[in-house]
Amino acid sequence: MVSSFMLLFTSLAAVKVTWGSVAQNQTSYNPAIPGWYSDPSCVFVPEWNNTTFCTASTFLLTPGLPVYASKDLVTWKLASHALSRESQFPGFNQSLAQSDGIWAPTIRYHQGFFYINVIYKNNILNNIIGLVFKTADPYSDSAWSDPVHYDPISIDPDLFWDDDGVVYVATAGTYLQTIDLKTGTVGQPQQIWNGTTGIFLEGPHLYKKDGYYFLMTAEGGSGMNHSVTIARSRNIWGPYESCPQNPVLTNRNTSEYFQNIGHADLFHDARGHWWSSALAWRSGPEGQTYPMGREMVLTPVTWKEGEWPVFLPVRGIETGWYLPLSKDIRGDGPFVNDPDVVDFQPNSTIPRHFGFWRWPNKKSFVLSPPGHPGTLQLTPSVASITAGYKNYTAGYQLADLTLIMRRQTDTMFEYSIDIDFAPKTRDEEVGVTVFLNQVQNINLGVVMLPANDTSNSTKRVLAPHFRFLVSGLESNEKKIPPPYITPVPTSWLHEPIRLMIRASNETHYTLSAASTTRPNEIQMIGQAPATIVSGGAGPFTGSLVGVYATNNGGTGTTPSYISRWRYQGIGQAITKGQYEMTL
């Protein structure tokens, strides 16, 4: 398989020779930002060194609202998180539904300040809260303000300044209302367009160009019928005329690898050329396997004066406007495609691209504690990440989760950690996970269980076991792999154990273990299809990989020590069966 990958890589490298060699175009690849970056919104800011900034939905992941920066629209660097402090919005810890949280932000720049307008949605309480964050420095987490709260009429809020200084919010259903960004006071909402179908008008954005107000929306719902439509008017309140070419962007009813194209935004670059960001699945027309969820794609747009914008269709290999390659981006965040080589050294911090499910209990994550330098100490949570293991509606599932992760950003990858763990109490567990949400995840843990499960003795001897356990409630997969439990070899118990996750293709994950004293003697424990972490109860999010510690509702408090965190991308699917190799 490696040799065939290398042949393909060679052919793709030949394509890349054209990069920048033609005056007005270049070849690039989608996704522009791979991994879960749903509902992307972007803004070009010449005042900040001709840089484009993008953000995306984060739902229950914290820190939230990542801001990525790029000068060439190819190389993306994490600049900051607009939502990085629990004090900014503590309400996450009341969220249970897998699609609760931070929905569909819009990022804009106006008179020296960046703004992100977003809503928080709680599906159980059936309420939404509008939040507007503001900063004068997009490269600093701490510079982002506490949000101004407002009462939106619907989801997916836009933010638009008219020439007279009046500020507007457009929301799903294409409702428009004014807003005071200092107080959060909003005006009376008015529906300004009914789209081309009237079905799931979402993600609206307003632009003003050549004397027209352009209103762009998504239609058809986030799925196989997703599309982008646009209308225009001489008056912001309408009436709006529909573009004759609607939908202007979609892959529905095609055999294309990239599907679910929608929730688009428009921006131009330093040369005045227009682009569109959008979300997409890499699923093919089957729409079943897309573990990274909704990813950010880019496509060139031609927008001549007085005319409608014309979008190139979204493909894995794109030929678009030329921009010189540049990694000259401020800040200390990682680039999207950087591998993880994390050793948790003393005086270090949690890497900025790591995340938690809801706000974490920071006391459960201690870097290089006394006696254990170069490790991350984890204190087990009562809650299990595998909500299929116990009723996920149980109240304790809202308790703190000891779970730390990073996005899966490659179709094929290797992830591993070393764990030093001496469990004392039954059901204490530490392991690695491919995590979509609390009812869809794939796990390999070291867990304390009776050495003989058939014994009726009340004095069972406990021993560490490997447990492969899949939670697949509501997923796209109907055949959930059964649990598999096997004792940890006695010779492995005195040194750290390496747990590994590998995706060697688009369809399956393999979870394995090895003794760190003999790391090449790998024991495969379980395999699960990627459909487990596709769609289902988490259709808006994407897979993450990381490590967890839990007592599974018990009383255990034994800490574990994590070291040698590694993530390495191997290959990126750009069309069905074709890969751009990254290793």
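Definitions and cut-offs
- Residues numbered from 1 in each chain as written.
- Predicted model: local features only at pLDDT ≥ 70, side-chain atom pairs only at ≥ 80, totals over all residues.
- Heavy atoms only, no water.
- UniProt positions renumbered as here; feature names shortened; annotations may be inferred.
- Core = buried A, V, L, I, M, F, W, Y, C linked by side-chain atoms within 4.5 Å.
- Buried < 20%, exposed > 50% of the residue type's maximum accessible area, 1.4 Å probe, protein only.
- Helix = DSSP H or I, 4+ residues; strand = E, 2+ residues; numbered from the N terminus.
- Domains from an automatic or database assignment.
- Contact = heavy atoms within 4.5 Å.
- Pairing = 2+ DSSP bridges.
- Axes fitted to C-alpha atoms, helices over the stretch in contact; angles between N-to-C directions.
- Polar contact = N/O pair within 3.5 Å; in protein donor to acceptor, adjacent residues only side chain to side chain.

- As annotated in an unreviewed UniProt entry, the protein carries the name Glycosyl hydrolase and comes from Aspergillus caelatus.
- Here the protein is described in UniProt, under the heading Sequence similarities (unreviewed entry), as follows: "Belongs to the glycosyl hydrolase 43 family."

### Observations regarding the nonpolar core
- Phe53 and Trp357 are the most contacted members of the largest nonpolar core, which has 51 residues in total.
- The element that contributes the greatest number of residues to this core is strand β8 (residues 113-122), accounting for six residues.
- Formed jointly, this core draws a minimum of three residues from each of two domains, domain 1 (27-334) and domain 2 (339-581).
- Among all residues touching Phe53, those that are not within four sequence positions of it are Ser41, Cys42, Val43, Val45, Trp48, Val67, Tyr68, Ala69, Ile107, Phe114, Pro138 and Tyr139.
- Membership of the second largest hydrophobic core comes to 43 residues, among which are Phe354, Ile417, Phe466 and Val545.

### Looking at the sheet that holds strand β15 (residues 202-209)
- The four strands are arranged β15-β16-β17-β18 in an open sheet whose pairing can be described as antiparallel. Two strands in the sheet have a free side with no partner beyond their single neighbour: β15 and β18 (241-242).
- One ladder, built from six bridges, connects β15 with strand β16 (residues 212-219); its direction is antiparallel. Residue pairing for β16: Tyr207 is matched across the bridge by Phe214.

### Some thoughts on the sheet that holds strand β10 (residues 148-150)
- Taken together, the four strands give an open sheet; going across it, the order is β7-β8-β9-β10, and neighbouring strands pair in antiparallel fashion. Two strands lie at the open edges of the sheet, namely β7 (101-110) and β10, each paired on one side alone. Strand-to-strand twist of the sheet, defined as the mean angle between neighbouring strand axes without regard to direction, takes the value 20°.
- Strand direction decides the pairing type here: strand β9 (residues 127-135) and β10, joined by three bridges, are antiparallel. The residue bridging Val132 from the neighbouring strand is Val148, located in β10.

### Quick notes on the side chain of Gln259
- Summarising the element assignment, Gln259 is placed in strand β19 (residues 258-268).
- Assessed through its relative accessible area of 1%, Gln259 is described here as buried.
- Engagement of the side chain of Gln259 in a polar contact is seen with the backbone oxygen of Thr254, the distance being 3.2 Å.
- With near-sequence residues (within four places) excluded, Gln259 lies in contact with Met224, Asn251, Arg252, Thr254, Ala280, Trp281, Ser283, Gly284 and Pro285.

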